[in-house]
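Structural overview
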Amino acid sequence: MNGSIRSGRRKTAVARIYVKAGNGDILINNKPYDQYFTTLVNQFKVVQPLQVTDNIGKLDIKINVDGGGVTGQAEAIRLAISKSLCELNVENRIALKPLGLLTRDDRMVERKKPGQKKARKRFQFSKR
């Protein structure tokens, strides 16, 4: 099993990952994933594809993530790991696809329009 390089995105977060055979180390921006993400929900999102495909403790993953917020980064990492697991073994796709782990969530922040306070909020209207 040689190295695999994949990327994942969510909102404005971009994650680039490097996967190789190893003993299960997951480093995000040169920190262990449980130090980088303090909440258990985001830690679970990072290891979810590995749990589903039974690859915990088998792969070393180095991740560079940039942009967005904490949850967006966690979901970008989850997508990148899922994509690389499918690249390493095609049979992983059968386990990941029904859970929606291979789907890029394309929802982005709506842009602010001119003449308005925010994307949808208007300035206060005064009749008199």
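What counts, and where the lines are drawn
- Residues numbered from 1 in each chain as written.
- Predicted model: local features only at pLDDT ≥ 70, side-chain atom pairs only at ≥ 80, totals over all residues.
- Heavy atoms only, no water.
- Helix = DSSP H or I, 4+ residues; strand = E, 2+ residues; numbered from the N terminus.
- Buried < 20%, exposed > 50% of the residue type's maximum accessible area, 1.4 Å probe, protein only.
- Pairing = 2+ DSSP bridges.
- Contact = heavy atoms within 4.5 Å.
- Axes fitted to C-alpha atoms, helices over the stretch in contact; angles between N-to-C directions.

The subject of this paragraph is unusual backbone geometry. In this structure, lysine 11 is a non-glycine residue whose phi angle is positive, near 50°. Position of lysine 11 relative to the elements: it lies in the loop between strand 1 (4-10) and strand 2 (13-21). Lysine 11 sits in the partly exposed class, given a relative accessible area of 42%. In this structure, aspartate 54 takes a positive phi of about 60° despite not being glycine. Relative to the assigned elements, aspartate 54 resides in the loop between helix 2 (40-52) and strand 5 (59-66).

A few words on the sheet that holds strand 2. If you walk across this open sheet you meet the five strands as 1-2-5-3-4, and the pairing is mixed. Among the strands making up the open sheet, the edge pair consists of strand 1 and strand 4 (31-32). Pairing between strand 3 (residues 26-28) and strand 4: two bridges, direction antiparallel. Looking across to strand 4, one finds that isoleucine 28 is bridged to lysine 31. Lying over the sheet, helix 2 contacts strand 3 and strand 5, oriented at roughly 150° with respect to strand 3. Against the sheet, helix 3 (residues 70-88) makes contact with strand 1, strand 2, strand 3 and strand 5, and its axis sits at roughly 145° relative to strand 1, the strand it touches most.

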